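Chain and residue survey
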Amino acid sequence: MAGLFAGPVVAQQELLTDPEIYEKNHYAKRCKVVQYGGRFIDRIDINNDGIKDAVTNSSEIVCDGVRGPDCSAEGCPFNFYLQVKEGGYFMIATAQMYTYDFIKRFGNMVFVLKMHPRYCERAEGEQPCEMTVRVRGTKFLTISKK
């Protein structure tokens, strides 16, 4: 799917104790002064398995006075982490986007990703692309694009 970048295969990834600590350690090494906004991390069940997962939002980071240091005209990186039953997390995807809503549709929770217009084959400056996706297992499945 355009705009979403799958992470490495689970077997190749070491489980993280907590994605919030992992990402904060990354930015602590990168920035002299770093601040995190209230929506830096959302702990929600993204794959409908009853276990809280995590989504990090880099637009909520201020690194040395620069908000969203990895953001561009196409949005900011959001990282999606699944938590496993045994404990620990692994990253399943990174998406460059503006924002998202997490809503219930037909009994399942789905993401409505607000992305750069090019992801819906539109020119820059046009209406943002809204891509509705569901996480099934460890994969993002596109339901619709508008």
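This write-up is about the structure you can find in this document. In this text the structure is predicted, and so the values were computed from the model without any measurement.

A few points about the nonpolar core
Ranked by internal contacts, the top residues of the largest apolar core, which has 25 residues, are I46, F80, I92, Y100 and F111. It is strand β8 (residues 89-97) that provides the largest number of residues to this core, a total of 5 residues. Setting aside its immediate chain neighbours within four residues, Y100 contacts R39, D42, I44, V55, F78, F111, V112 and L113. In this structure, Y27, C31, I61 and M91 belong to the second largest nonpolar core, which totals 11 residues.

Some remarks on the sheet that holds strand β5 (residues 61-63)
The sheet built from 3 strands is open, its strands ordered β2-β5-β6 with antiparallel pairing. Of all strands in the sheet, those with a lone pairing partner are β2 (34-36) and β6 (66-67), marking the two edges. The sheet contact formed by β2 and β5 spans 3 bridges and is antiparallel. Residue pairing in the sheet places Y36 in a bridge with I61 of β5. Contacts from helix α1 (residues 19-30) reach β2 and β5, with the element oriented near 150° to β2.

Focus: α1
Since there are 3.6 residues in each turn of an α-helix, residues three or four apart along the chain are aligned in direction. The end-to-end C-alpha distance of α1, which contains 12 residues, comes to 17 Å, matching closely the 16 Å that a straight helix rising 1.5 Å per residue would cover. Within the span of α1, buried status applies to P19, E23 and Y27. The arc that holds the buried residues of α1, viewed along the axis, is 60°, so those residues lie on one side. In this fold, the buried residues of α1 make contact with β2, β4 (54-57), β5, β7 (76-83) and β8.

As for the sheet that holds strand β11 (residues 129-136)
Each strand in a sheet pairs with its neighbour through backbone hydrogen bonds, running either in the same direction (parallel) or in the opposite one (antiparallel). Ordered by their spatial adjacency, 4 strands build an open sheet running β9-β10-β11-β12, and the pairing between neighbours is antiparallel. Strands at the two margins of the open sheet, each flanked by one partner only, are β9 (99-105) and β12 (139-145). The average angle at which neighbouring strand axes cross in this sheet is 30°, direction not considered. With 7 bridges connecting them, β9 and strand β10 (residues 108-115) associate as antiparallel partners. The partner of I103 across the bridge, within β10, is V110.

Looking at the pairing of β11
Across the 8 residues of β11, 6 count as buried, placing the element largely inside the fold. In terms of strand pairing, β11 meets β12 through 6 bridges, oriented antiparallel. When the bridges of β12 are listed, R136 appears paired with K139. Hairpin connection from β11 to β12: 2 residues lie between these consecutive antiparallel strands, with G137 at a positive phi of about 65°.

Details of the pattern of salt bridges
Enumeration according to the criterion identifies 8 salt bridges in this entry. Between K24 and E20 there is a salt bridge, with the nearest N and O atoms lying 3.1 Å from each other. In this pair, K24 and E20 are both assigned in helix α1, 4 residues apart and thus about one turn of the helix distant. D101 is the partner of K114 in a salt bridge, and the nearest nitrogen-oxygen pair spans 2.5 Å. Here the residue K114 occupies a position in strand β10, and D101 occupies one in strand β9, the gap between them amounting to 13 residues. Each of D18, E20, K24 and R43 takes part in a single network of salt bridges with overlapping partners.

Rules and cut-offs
Residues numbered from 1 in each chain as written. Predicted model: local features only at pLDDT ≥ 70, side-chain atom pairs only at ≥ 80, totals over all residues. Heavy atoms only, no water. Core = buried A, V, L, I, M, F, W, Y, C linked by side-chain atoms within 4.5 Å. Buried < 20%, exposed > 50% of the residue type's maximum accessible area, 1.4 Å probe, protein only. Helix = DSSP H or I, 4+ residues; strand = E, 2+ residues; numbered from the N terminus. Contact = heavy atoms within 4.5 Å. Pairing = 2+ DSSP bridges. Axes fitted to C-alpha atoms, helices over the stretch in contact; angles between N-to-C directions. Expected span 1.5 Å × (residues − 1). Arc of directions from axis to C-beta. Salt bridge = Lys/Arg side-chain N within 4 Å of Asp/Glu carboxyl O.

Interpretation in functional terms is not warranted from these geometric data alone.
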